[in-house]
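The lines below spell out each chain.
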Amino acid sequence: MAECHPVGFQWVMEARERGATIIHVDPRFTRTSAVADEHVPIRVGTDVAFLGGLINHVLQGEHWFREYVLAYTNASTIVNEEYRDTEDLAGWFSGWDEESGAYDVASWSYEGMEPPAAAGKREQAAQSTGEQSHGAHGAELQDGEPPATDATLQHPRCVFQVLKRHFARYTPEMVERTCGIGQDQFARVADALVRNSGRERTSAFVYSVGWTHHTTGTQYIRSASILQLLLGNIGRPGGGIMALRGHASIQGSTDIPTLYNILPGYLPMPHAGQDTSLDAYVETNTPPGGYWGRTREYTVSLLKAWWGDAATPENDFCFDLIPKLTGDHSIYPTVMGMRDGSVEGFFVMGENPTVGSANAKLHRLGMANLKWLVVRDLQMVESATFWKDGPEIETGELRTQDIETEVFYLPGAAHTEKDGSFTNTQRLLQWHHKAVEPPGDCRSELHFMFHLIARIRSKLEASTEARDRAILDLKWDYPTHGPTTEPSAEAVLKEISGYTTADGAAISGYTELKGDGSTASGCWIYCGTYADEVNQAARRKPGREQTWVAPEWGWAWPMNRRILYNRASADPEGRPWSERKRYVFWDAEKETWTGADVPDFQADKAPDYVPEEGAQAEMALRGDEPFVMQADGKGWLYVPSGLVDGPLPAHYEPHESPARNPLYPEVQASPTRQRFEREDNLYNPTWGEPGADVFPFALMTYRIAEHHTAGGMSRWLPYLSELAPEPFVEISPELAALRGLEHRGWATIVSMRTAIEARVLVTDRMRPQTIDGREVHTVGLPYHWGPNGLSTGDSANDLLPIVLDRNVHISEFKAATCDVQPGRRPVGPALLDYVQDYRRRAGA
Amino acid sequence: MTVTYGEEARERVGFFTDTSLCIGCKACEVACKEWNAVPEDGLDFMGLSMDNTGGLGADTWRHVAFVEQRVQLEDVEGLRWLMSSDVCKHCTHAACLDVCPTGSLFRTEFGTVVVQEDICNGCGYCVPACPFGVLDKREEDGRVWKCTLCYDRLRDDQEPACAKACPTDSIQFGPLEVLRVHAKGRVEELHERGQDGARLYLDSPDDGVGGAGAFFLLLDEPEVYGLPPDPVDCTRDLGESWRAAGAAAVTLAAVVAGAVLVGRRFA
């Protein structure tokens, strides 16, 4: 965190100074490790084993927060008797279908319930997906209550017992064998965590996107969720799981998504064939309990924001105009579609995939096969110039004159040159005002999108084609100003926040949204950002002039709540768990929830509220059920639906690994990982396969403080470039000796994809580990570089394979294998021969 | 020391760089260069741990040192990674200022030491005079450049750019007396926490430079960070030396005169 988020890390330092214990779990020893109380050097790709070890410690040692777990989690819910655990099936969950390469998730459901997904949806799950199958919104529970529970937690099939059996294997010895973490250190960490959790104390987990960059990334986060729920660290001050995002407003880009499978506010993207009408879509995605019970209100308000007066009850509020999913349209299959000719055009906005994507070479080859490409960036990044000076031009694989892609480069305005908001990891929207005009032709994204659509509309004006209605009927009336006719960002914010369609008056929160077309809101969770006709995100009242929660600095979704699920900061009766951790609680006299934050609960719902039969949405949740987005109001230790790779986390090795899986020797890597067996995406043989010894070392990629992601915002700046002027590879003195690598000399790093070169940094911060009795060396590569800019060099991501977590389609950037050799790599066509030789030796 | 400013004299200000709070982000290096328009000075991979800057110079006024040390932890051999942001010390007894023949180097009303770029003639006398190797000539223009403690910002009641940018308050700016008191407390606090190696560096008015305007809390010996353990203002004994030289000259003259007289007598 100090490495990649140094500004946010000031608060960790402040916590440390006030006595907090800082534990840093990371394969590399970073600037964070330097100031932490404990650095835990974990082998890359083994976090589920480590977290599983902690879960086992908490369960076996009876360290869990009994009252919290009993009342607020699904620990007592009884699971379907068809369910079989990895303990029963040697590493597999029940429902595996070898032919489709996917799980049938029916047996994972709660006892006495319909399978969580209809047959059609299970097929989808098999195809690809997680979010869009949308069990994540809550199992389909009648009246919000699971049919079978055991409050004594003794039933052998209750979640608690299932959990206990599942994690019993994750012993300190197993953690040591798998992760390379000594048992003494593991005991210290476990003790610190337990000591700092409970009624009086809370512990927080912070992770960066490195956790998500694995074929089991979703289950990493799940493991942390289980642990935090068991310890009572969710919904309470000082607790939680904080996801540090890759750069500014990545949180915003999932809330108002740039993802193919969700609509604003995490509404699922409709599926072709299945979501044939608004009613069908709403029915599929409306669980009986919790706030997703209002899916119709959110969806209709979104449609009204987009299509305005054209959206009427008679035409399903233009639901038909939303594009429908026909399969996995995530980025990597799309890139392969470029290569294979099914994708013709591509917008790249503020991203540099030819440096930042896994198997970036495939990205370049794909982009060289497009009809058109639009790149908008602050700098002339590699994604805009690969056709004239990319690595494939050097090797002769591509010739400029053969590339037919028409490339449009459009310079972008920086955040200081435009109005807008950032949404940070706390879901806090902070407005920034334009300080200076953008230079020359530079324009904001808002300007680009607004005028692009306006131009397309004028070209389509005379069209009577049904397919053009989606654009022609758009409500596209944002006011513009200034010499560049910049659209008003505040007008967009107001539309996102919401208004009543009759008079355009701002509305103050999502509970006011209606399903009859009388309200519009571009993103239901942001509803209220413009309450009282005021840009709430632009508030900057200094902290010293308000309470410690600082509710008047910016605006946090939803409803300006600073801690989600904060009803859990009080006990079931509504009293603070302790005075020390007092936050949101029930005021019996005034019959309202109150406290330091906006309660994440209906303000007047008493702790002893019990829903009447047939109650819907939030009214179907009891007064002591804090997890209001879940159909049962509970935190899920066990996930009966919504994930495609298992209801519980299990440790599987990375797709390419230098070690075998000690936990489940029969299942080396995640069975559901999404593979692409192609000539242009060859995989290194992993442990146990012939040829694995050709790539004997673990490889990890990462960021360093000196540069920013794929370099567009740092490699063109002299003051940043001089701090880390070229790619380097971090290796231990032991590996240096083994391979004859010289400090400050050159190394060539090789995978089945390609070979790159980097300067050698021999450092004690890298250490070989003993894994399952064998010595494993790890090679560390920052990934920031490419051939353009001031600070240049080979791209580490060229080495990585495309292999994805099937829940979310994120690639395994953080764990692979490689070889490393002294000296510079061959140039030109000789590089291809060099890599070909490796492929031959590895048995390709 | 700012007595010559009369009523214009301001409270002496400085830096307290608390390396126990440094996370090595180098924001200070960048903020300094941005604010003061200091040129980029080389895209060299140095491999000094995470440091590719190397040291202070004409084009580097803040420099973060990274020191990797093998240490014995409870059960295993561990690693300690020290980080420290170095800067011009703005000495109480500043040799650079004493040896400057043009008056380019001067003591400001804040008690800081600044080079005036329009007066410096590039003679370079100050370069060897500095016990820390801070003063350095910019080869392209022949003049000497160094940290001004953001003299322009001070005059606008702004803190220096590096301190402003430091996310963890490792670089603290303020009245020197206040910083010294705070620093003493901080060392005691760290000692109580078992950080026995914590010590202040250049905080004492009794040291070889009369105490620095930019002083440090270090976690190890100064040499570990590349700092001289006992720096001395080379002009400190100048008065003494001249007096001694004068006395020697008088003695010599007397001896010569005596010899002449004696010689005459014997002539």
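Residues numbered from 1 in each chain as written. Chains lettered and ligands numbered in written order. Predicted model: local features only at pLDDT ≥ 70, side-chain atom pairs only at ≥ 80, totals over all residues. Heavy atoms only, no water.

1. A short note on the sheet that holds strand β29 (residues 803-805) of chain A
Residue and element names in this part refer to chain A.
Okay, step 1: Strands sit in the order β21-β29-β30 across an open sheet of three strands; the sheet is antiparallel. Because the sheet does not close on itself, it has two edges, and the strands there are β21 (674-675) and β30 (810-811).
Okay, step 2: Pairing analysis gives two bridges linking β29 to β30, with the strands arranged antiparallel. Across the sheet, residue D805 finds its bridge partner in β30, namely I810. (Pairing = 2+ DSSP bridges. Helix = DSSP H or I, 4+ residues; strand = E, 2+ residues; numbered from the N terminus.)

2. Notes on the packing of aromatic side chains
Residue and element names in this part refer to chain A.
Okay, step 1: Throughout the structure, instances matching the rule amount to 47 aromatic pairs over all chains.
Okay, step 2: Look at Y68 and Y72: their rings are 5.2 Å apart centre to centre, the planes differ by 80°, and that puts the pair in the edge-to-face class. Here the residue Y68 and the residue Y72 both occupy positions in helix α4 (residues 66-72), the gap between them amounting to four residues, near one helical turn.
Okay, step 3: For Y68, a relative accessible area of 0% translates into the label buried.
Okay, step 4: Note on Y72: relative accessible area 0%, which makes it buried. (Phe/Tyr/Trp six-rings, centres within 6.5 Å; stacked < 30°, edge-to-face > 60°. Buried < 20%, exposed > 50% of the residue type's maximum accessible area, 1.4 Å probe, protein only.)

3. Re the interface of chain A and chain B
Okay, step 1: Residue-level contacts link 41 residues of chain A with 41 residues of chain B.
Okay, step 2: Carbon and sulfur atoms make up 58% of the surface buried where chain A meets chain B, a total of about 3,300 Å² over both sides.
Okay, step 3: Our count for the contact surface shared by chain A and chain B stands at six salt bridges.
Okay, step 4: The shortest N-O distance in the salt bridge between R193(B) and E17(A) comes to 2.6 Å.
Okay, step 5: Our enumeration of links across chain A and chain B arrives at 17 residue pairs in polar contact (both at pLDDT 80 or more).
Okay, step 6: Going through the elements one at a time, α1 (9-17), α2 (31-35), α8 (183-195), α21 (718-721), β23 (728-731) and β25 (755-762) of chain A are the ones with two or more residues in the side of chain A that touches chain B.
Okay, step 7: In terms of residue count, the dominant contributor to the side of chain A that touches chain B is α1(A) (five residues).
Okay, step 8: Looking at side-chain class alone, the side of chain A that touches chain B contains 20 nonpolar, six polar and 15 charged residues. (Contact = heavy atoms within 4.5 Å. Buried area = accessible area lost by both parts, 1.4 Å probe. Salt bridge = Lys/Arg side-chain N within 4 Å of Asp/Glu carboxyl O. Polar contact = N/O pair within 3.5 Å; in protein donor to acceptor, adjacent residues only side chain to side chain. Nonpolar A, V, L, I, M, F, W, Y, C, P; charged D, E, K, R; others polar.)

4. Here we look at the packing of helix α13 (residues 331-340) of chain A against helix α15 (residues 360-367) of chain A
Residue and element names in this part refer to chain A.
Okay, step 1: Close contact between α13 and α15 brings their axes to 7 Å; oriented N to C, the two are set at 45°. Taken together, the axes of α13 and α15 lie oblique to each other. Note that α13 runs across α15; the crossing there is left-handed. Packed against α13, whose contacting residues are I331, V335, M336, M338 and R339, the element α15 presents L362, H363, L365, G366 and M367 at the interface.
Okay, step 2: When the residues that make up the contact of α13 with α15 are grouped by side-chain class, the tally is seven nonpolar, two polar and one charged. (Axes fitted to C-alpha atoms, helices over the stretch in contact; angles between N-to-C directions. Parallel < 35°, antiparallel > 145°, perpendicular 65-115°, else oblique. Left-handed = near helix turned anticlockwise from the far one by under 90°.)

5. What about the pattern of salt bridges?
All names here are of chain A.
Okay, step 1: One pass over the full model with this rule turns up 67 salt bridges over all chains.
Okay, step 2: With its nearest N and O atoms 2.8 Å apart, the salt bridge here joins R177 to D772. You can see R177 sitting in helix α7 (residues 172-179) and its partner D772 sitting in the loop between β26 (769-771) and β27 (774-776), a full 595 residues away along the chain.
Okay, step 3: According to the relative accessible area criterion, D772 is partly exposed, its value standing at 25%.
Okay, step 4: The closest approach of N and O atoms between D794 and R825, which form a salt bridge, is 2.7 Å. Of the two residues, D794 sits in the loop between β28 (778-782) and β29 while R825 sits in the loop between β31 (816-822) and α23 (829-841), which places them 31 residues apart along the sequence.

6. Here's the deal with unusual backbone geometry
Residue and element names in this part refer to chain A.
Okay, step 1: The omega torsion across W557 and P558 is -10°, close enough to zero to call that bond cis.
Okay, step 2: Along the chain, P558 falls in the loop between β18 (555-556) and β19 (584-587).
Okay, step 3: Positive phi values are uncommon outside glycine, yet E591 reaches one of about 55°.
Okay, step 4: Looking at the element boundaries, E591 is found in the loop between β19 and β20 (592-595).
Okay, step 5: According to the relative accessible area criterion, E591 is exposed, its value standing at 54%.
Okay, step 6: A positive phi angle, near 50°, is found at A617, a position not held by glycine.
Okay, step 7: Residue placement: A617 occurs in the loop between β20 and β21.
Okay, step 8: Among the residues examined, A617 registers a relative accessible area of 1% and is labelled buried.

7. Thoughts on the sheet that holds β18(A)
Okay, step 1: Sheet architecture is open: three strands sit in the order β12-β13-β18 (chain A), paired in antiparallel fashion. Two strands lie at the open edges of the sheet, namely β12 (420-423) and β18 of chain A, each paired on one side alone.

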